[in-house]
Amino acid sequence: MTVQPPDPSPRPAPSGELRASHDDREAVVEQLRDAAAEGRIDFDELDSRLEQALKSKTHAELAALTADLPRPSSPESRPPLVLKGGMFGASQGPGRWEVPGHVIAHGGVGGVKVDFTRVECRLTEVVVEAYGETSGVTIVIPDAWAADTSGMDPGTGGLTDKTTPDRLPGTPLIRLNGSGGAGGVVIRHPNRREQHKLDSNPKQG
């Protein structure tokens, strides 16, 4: 009988023993802060857990700090954000807001503006359904983001795409579909006035 030599390759560590990254620790810190804001843990406990989170070296150590807290919903699992222009219009942004995987905008009579310039989004893609209807939909995305508008029906109002194809790694792709209707749909990067505001009031960490 032939004896097999021992396998010299190292065995992968159990998932809990894997080393945690800066992003892993930061995600737990955010979850703990949200839990304190919701009243699930008091501020003394928050300070203690935050200190442990920043010192944690493995996934198991991080998991122990949030084991008694509800798991945060992923952006992909959130319901679509629906915006309706109605009589007076509607807007989302430019402040920080939670971006779901799907946004639906109906221009209505008042029009809709969706501004992504202040958001932090880890999704690889965001689907935006835009229906220009009477007064149109305007979508503003950061300079580093790109858009795919091939799924849009321009309608009578048309589609105006002023975005550039340049996309930084790690940023989402806006996949735009829907119909321009009578009011049309515009997707663009910040204009000069909006960029001036962004430069004057940089995002706080």
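Just above sits the structure.
## Looking at the packing of helix H1 (residues 22-37) against helix H3 (residues 59-66)
Following both chains from N to C, one finds H1 and H3 inclined at 5°, their axes separated by 10 Å at the closest point. Here H1 is positioned roughly parallel relative to H3, judged by the angle of their axes. Residues Asp24, Arg25, Val28, Gln31 and Leu32 of H1 pack against His59, Leu62, Leu65 and Thr66 of H3. In terms of residue class, the contact of H1 with H3 is made up of four nonpolar, three polar and two charged.

## A look at the pattern of salt bridges
By the definition in use, this model includes ten salt bridges. Of the charged contacts, one joins Arg49 and Glu45 as a salt bridge, the two residues approaching to 2.6 Å between their closest N and O atoms. Here Arg49 and its partner Glu45 are both found in helix H2 (residues 43-55), four residues apart, which amounts to about one turn of the helix. With a closest N to O distance of 3.0 Å, Arg49 and Asp68 form a salt bridge. Of this pair, Arg49 sits in helix H2 while Asp68 sits in the loop between H3 and strand S1 (81-84), and the two are 19 residues apart along the sequence. Looking at Arg49, the relative accessible area reads 9%, which means it is buried. Taken together, the shared-partner salt bridges connect Glu45, Arg49 and Asp68 into one network.

## Let's talk about unusual backbone geometry
Put simply, Gly93 and Pro94 share a cis peptide bond, and its omega is 15°. With respect to the helices and strands, the residue Pro94 is situated in the loop between strand S2 (90-92) and strand S3 (102-106). The backbone of Glu133 shows a phi angle near 50°, a positive value even though the residue is not glycine. Inspection of the secondary structure puts Glu133 in the loop between strand S5 (125-131) and strand S6 (137-140).

Conventions used here
- Residues numbered from 1 in each chain as written.
- Predicted model: local features only at pLDDT ≥ 70, side-chain atom pairs only at ≥ 80, totals over all residues.
- Heavy atoms only, no water.
- Axes fitted to C-alpha atoms, helices over the stretch in contact; angles between N-to-C directions.
- Helix = DSSP H or I, 4+ residues; strand = E, 2+ residues; numbered from the N terminus.
- Parallel < 35°, antiparallel > 145°, perpendicular 65-115°, else oblique.
- Contact = heavy atoms within 4.5 Å.
- Nonpolar A, V, L, I, M, F, W, Y, C, P; charged D, E, K, R; others polar.
- Salt bridge = Lys/Arg side-chain N within 4 Å of Asp/Glu carboxyl O.
- Buried < 20%, exposed > 50% of the residue type's maximum accessible area, 1.4 Å probe, protein only.

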